[in-house]
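Chain by chain, the residues run as shown.
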Amino acid sequence: MSDAMNVDYDGLIPNNVGLNADPRLRRALESWHPGYLDWWQARGPEGFQKSLVYLRTAVGVDPEGWAKFGYVRMPEYRWGILLAPAVENRRIGFGAHKGEPAWQEVPGEYRAMLRRLIVVQGDTEPASVEQQRHLGRTAPSLYDLRNLFQVNVEEARHLWAMVYLLQKYFGRDGREEAEDLLRRRSGDQDTPRLLGAFNEATPDWLSFFMFTFFTDRDGKMQLHALSQSGFDPLSRTCRFMLTEEAHHMFVGQSGIGRIIERTCQAMRAAGIDDPDDVERVRALGVIDLPTMQNKATLHFSLTLHLFGSEISTNAANAFNASLKGRYREDQIEDDHRLTGDTYPVWRLKHGQIMREAVPALSSLNMRLRDDYVADAASGIERWWNRIIERAGIAFRFRLPHVAFNRRIGEFAAIHADLDGNPLSAEEWQRRQDECLPSTEDNLFIESLMRPVTEPGGFASWIAPPRAGIDGLPGNFEYVKLAG
Ligand SMILES: [Fe+2]
Ligand SMILES: [Fe+2]
């Protein structure tokens, strides 16, 4: 076992980065800590700060047994700094520095670019906690409440992970950036979070599950790309974060899966075959499939904005600088420099939406986005459509074309239908309620959001899970509300 796998769990900040031997860093983190706790109290989960929550805490980085479960009051959660074990003699896998030993220190020429990458990633972590802070009040079960809080404390730990990098490697600028990560607020007029999708509201549990399915999946793609980084501390941090990210993805895909399952059961029991018979389905106290599709369409289209512009010099520069790779760069077979290559990108040409071959380096955002779309599509088939198929109901979830409902990038200039055919402004006005949640849909969903707080109870619109957490049953008291 390497040293890095031994976690110092005694101090204020559990870590495997040798905090005790680095007094300057320890002071920086300890002075950031109170502000962080204030942020958690003010902007983290509303209520429930005194409840005992059955949470997973990372206590090591060994893939076998890296976490332990137990009741914790959230403000007392042990947020720590954990890096995946170093890969011995790791070499940079792409870009201009391909083949050189991975950097243990920040390369001076790339300092600003690297800091920006870390800040942008870091900003999304507390943002999602802020977006989800009101959801505890309407949780459909204690099991789901616990999962929400698990996601929240882990996103907050991801903030710690990025703050560690900033404070350890970027001196005073890094400390200032770390403060700013606590200062910006999701949805705030004056000091919003950096990326649009992280300023949107997450008003209900259907939105929460869609967010963890679609938006946390963007997180997974970004972390994969950063885990390829030539800057080894960033790579190791992101590799460990990915183990936590997998749970967030699970919460989303299984959450929506359970809603679909409940809807299908209720439709079957009532003898309803037509998924479009929305009123009758809703009268059963479950969410109709078309409304779920429209929510998925909305979250997908908002999440696509996180991948940035179709053609991007920033992305090309970060790749050339060996700072941010492609999804699973180490499994791709090419020269990993891409200087003479092209890649097909969806573009707007003379009012038409078509694929165009552009230089591979400038289209890296789109490559990552294509990988994301494929990953989301296969999740939908495996997790959602299979449930509907088994229930024998004629309905399939699908993803819209990437040109649909875009606010930034090339397609912001036009309207398009779900298949990517251009629409006039009038047609769009007339038809958008068919593909996106209407006010009425949102009001219906809101009407279902009533908390269920007895152990083993579940709201009418969601099926219990197949299995509970940590080998426990679904009716376990995952959150002790009193106390
Ligand atoms: Fe995260
Ligand atoms: Fe996440």
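Counting from 1, residues in each chain are numbered in the order their sequence is written. Each chain gets a letter, beginning with A, and each ligand a number, beginning with 1, in the order they are written. Two thresholds apply to this predicted model, a pLDDT of at least 70 for residue-level local features and 80 or more for giving and counting side-chain atom pairs, whereas whole-chain, interface and lining totals are computed over all residues. Hydrogen atoms and water are omitted, and side-chain values are computed over all heavy atoms in the structure.

Caption draft 1: Spotlight on the coordination of the iron ion (ligand 1). Note that water is not among the atoms used; donors are N, O and S atoms within 2.8 Å of the metal (3.2 Å for Na, K and Ca), so sites may look incomplete. Protein-derived ligands of the iron ion (ligand 1) are Glu125 (OE), Glu155 (OE) and His158 (ND1), with the metal-ligand distances lying across 2.0 to 2.2 Å. In terms of primary sequence, the donors binding the iron ion (ligand 1) are separated according to E-x29-E-x2-H. A separation of 3.5 Å is found between the iron ion (ligand 1) and the iron ion (ligand 2), which are bridged by Glu155. With Glu125 in helix H2 (residues 111-131) and Glu155 in helix H3 (residues 142-169), the pair connects residues that are 30 residues apart, well separated along the chain. Just as Glu125 is buried, Glu155 falls in that class too. Put simply, DSSP H or I for four residues or longer makes a helix, DSSP E for two residues or longer makes a strand, and each gets a number counted from the N terminus. Buried residues are those whose accessible area, probed at 1.4 Å on protein chains only, stays under 20% of the maximum for their type, while exposed residues exceed 50% and partly exposed ones sit between those limits.

Caption draft 2: Local environment of the coordination of the iron ion (ligand 2). Surrounding the iron ion (ligand 2) are the protein donor atoms Glu155 (OE), Asp216 (OD), Glu245 (OE) and His248 (ND1), at 2.0 to 2.2 Å. Considering all four donor atoms around the iron ion (ligand 2), angles at the metal cover 87 to 169° and the coordination shape is irregular. Read in sequence order, the donor residues for the iron ion (ligand 2) give the motif E-x60-D-x28-E-x2-H. Geometry is assigned from the angles between donors: four donors with all angles from 85 to 135 degrees make a tetrahedral site, four or six donors whose opposite pairs exceed 155 degrees while the rest stay between 65 and 115 make square planar or octahedral sites respectively, and everything else is labelled irregular.

Caption draft 3: Here's a closer look at a negative patch on the surface. Each patch is assembled from residues with relative accessible area greater than 30% and no salt bridge, linking like charges that lie within 9 Å and nonpolar side chains (Val, Leu, Ile, Met, Phe, Trp, Tyr) that lie within 5 Å. Per-residue and other accessible areas were derived by the Shrake-Rupley procedure at a 1.4 Å probe size, with only the shown protein chains allowed to occlude residues. Within this document, salt bridges are pairs made up of a side-chain nitrogen of Lys or Arg and a carboxyl oxygen of Asp or Glu, the two lying within 4 Å of each other. The charged-residue count follows a simple rule in which Lys and Arg add positive charge and Asp and Glu add negative charge, with His and chain termini not counted at all. In plain terms, the charge of a residue is placed at NZ if it is Lys, CZ if Arg, CG if Asp and CD if Glu. On the surface, Glu279, Asp433, Glu434 and Glu440 cluster together into a negatively charged patch. One can find Asp433 in helix H11 (residues 425-435). Residue Asp433 is classed as exposed on the basis of its relative accessible area, which comes to 52%.

Caption draft 4: Structural view of the layout of surface pockets. Of the pockets and cavities examined, the largest pocket occupies roughly 1100 Å³. The rule is simple: put a 1 Å grid over the protein atoms alone, call a set of points where a 1.4 Å probe fits but cannot get out a cavity, call an open set with protein on both sides within 12 Å along at least five of seven lines a pocket, and count a residue as lining if it has an atom within 4 Å of a point. Around the largest pocket sit 48 residues that line it, and Val120, Leu195, Gln222, Leu306 and Lys324 are the ones nearest its centre. At the level of secondary structure, the elements contributing two or more residues to the lining of the largest pocket comprise H2, helix H5 (205-227), helix H9 (313-320) and helix H10 (364-391). For the lining of the largest pocket, the leading source of residues is H5, giving nine residues. Each residue gets one of three labels, nonpolar for Ala, Val, Leu, Ile, Met, Phe, Trp, Tyr, Cys and Pro, charged for Asp, Glu, Lys and Arg, and polar for the others, Gly among them. In terms of residue class, the lining of the largest pocket is made up of 22 nonpolar, 15 polar and eleven charged. Grid points are joined across faces, edges and corners, and a volume is the space filled by probe spheres set on the points. Estimated volume of the second largest pocket: approximately 540 Å³. Along the walls of the second largest pocket sit 30 residues, with Ala201, Pro203, Asp204, Ser207 and Lys295 positioned nearest its centre. Tallying contributions element by element places helix H8 (residues 289-304) first for the lining of the second largest pocket, with five residues. Along the lines of polarity and charge, the residues of the lining of the second largest pocket split into ten nonpolar, 13 polar and seven charged.

Caption draft 5: Structural detail: the packing of aromatic side chains. Here is the rule: rings of Phe, Tyr and Trp (six-membered ring for Trp) pair when centre to centre is within 6.5 Å. Planes less than 30 degrees apart are stacked, more than 60 are edge-to-face, and the remainder are tilted. Under the definition given, this model contains 33 aromatic pairs. On the numbers, 6.1 Å between centres and 20° between planes, the contact of Tyr71 with Phe476 is stacked. Note that Tyr71 is positioned in strand S2 (residues 67-73) and Phe476 in the loop between helix H12 (439-448) and strand S7 (479-480), a separation of 405 residues in sequence. Both rings, one in Phe214 and one in Trp384, keep their centres 6.2 Å apart while their planes meet at 85°; by these two values the pair is edge-to-face. Taken together, the residues Phe214 in helix H5 and Trp384 in helix H10 connect sequence positions 170 residues apart. As far as burial versus exposure is concerned, Phe214 and Trp384 are alike and both buried. Linked through ring pairs, Phe213, Phe214, Phe300, Phe307, Tyr372, Trp384, Phe395 and Phe397 together constitute an aromatic cluster. Working rule: Lys NZ or Arg CZ, within 6 Å of ring centre, within 35 degrees of ring normal, means a charge sits over the ring. The ring of Tyr169 has Lys168 lying over it, and the distance from NZ or CZ to the ring centre is 5.8 Å. Just above the ring of Phe213 sits the side chain of Arg217; from NZ or CZ to the centre is 4.3 Å.

Caption draft 6: How the structure looks around empty space enclosed by the protein. Across all of its chains, the model carries one cavity of 30 Å³ or more by this definition. Roughly 40 Å³ of volume is contained in the largest cavity. As for the largest cavity, its lining consists of Tyr143, Asp144, Asn147, Leu148, Trp205, Phe208, Phe209, Val251, Ser254, Gly255 and Arg258. Listed by contribution, the elements that provide at least two residues to the lining of the largest cavity are H3, H5 and helix H6 (232-270). Across the lining of the largest cavity, the residue classes tally to six nonpolar, three polar and two charged.

Caption draft 7: Region of interest: the sheet that holds strand S1 (residues 52-58). We call two strands paired when DSSP finds no fewer than two bridges between them. With antiparallel pairing, the three strands of this open sheet are ordered in space as S2-S1-S7. In the strand order of this sheet, the two ends are held by S2 and S7, each with one partner. Pairing geometry for S1 and S7, over two bridges, is antiparallel. Along S7, the bridge assignment pairs Val53 with Val479. Lying on the sheet, H3 is in contact with S1, S2 and S7; it crosses S1 at an angle near 40°. Pairs of residues are marked as contacts when any of their non-hydrogen atoms sit within 4.5 Å. Note on method: axes are straight lines fitted to C-alpha atoms, helices fitted across the in-contact stretch only, with angles between N-to-C directions ranging 0 to 180 degrees.

Caption draft 8: Representation of H5. Multiplying 1.5 Å by the helix residue count minus one yields the expected span of that helix. Along its 23 residues, H5 runs 31 Å from first to last C-alpha, staying within 8% of the 33 Å computed at 1.5 Å per residue. By definition, a residue's bend is the angle between the axes fitted to the seven residues ending there and the seven starting there. The largest bend along H5 reaches roughly 35° and is located at Phe211. Counting buried positions over the 23 residues of H5 gives 23, a clear majority of the element. As used in this structure description, the phrase polar contact means that two N or O atoms lie within 3.5 Å; if the pair is within protein, one of them must be able to donate a hydrogen and the other to accept it, and residues adjacent in sequence are counted only when both atoms belong to side chains. One side-chain oxygen at the N-terminal end of H5 lies 3.0 Å from the backbone nitrogen of Leu206; it belongs to Asp204.

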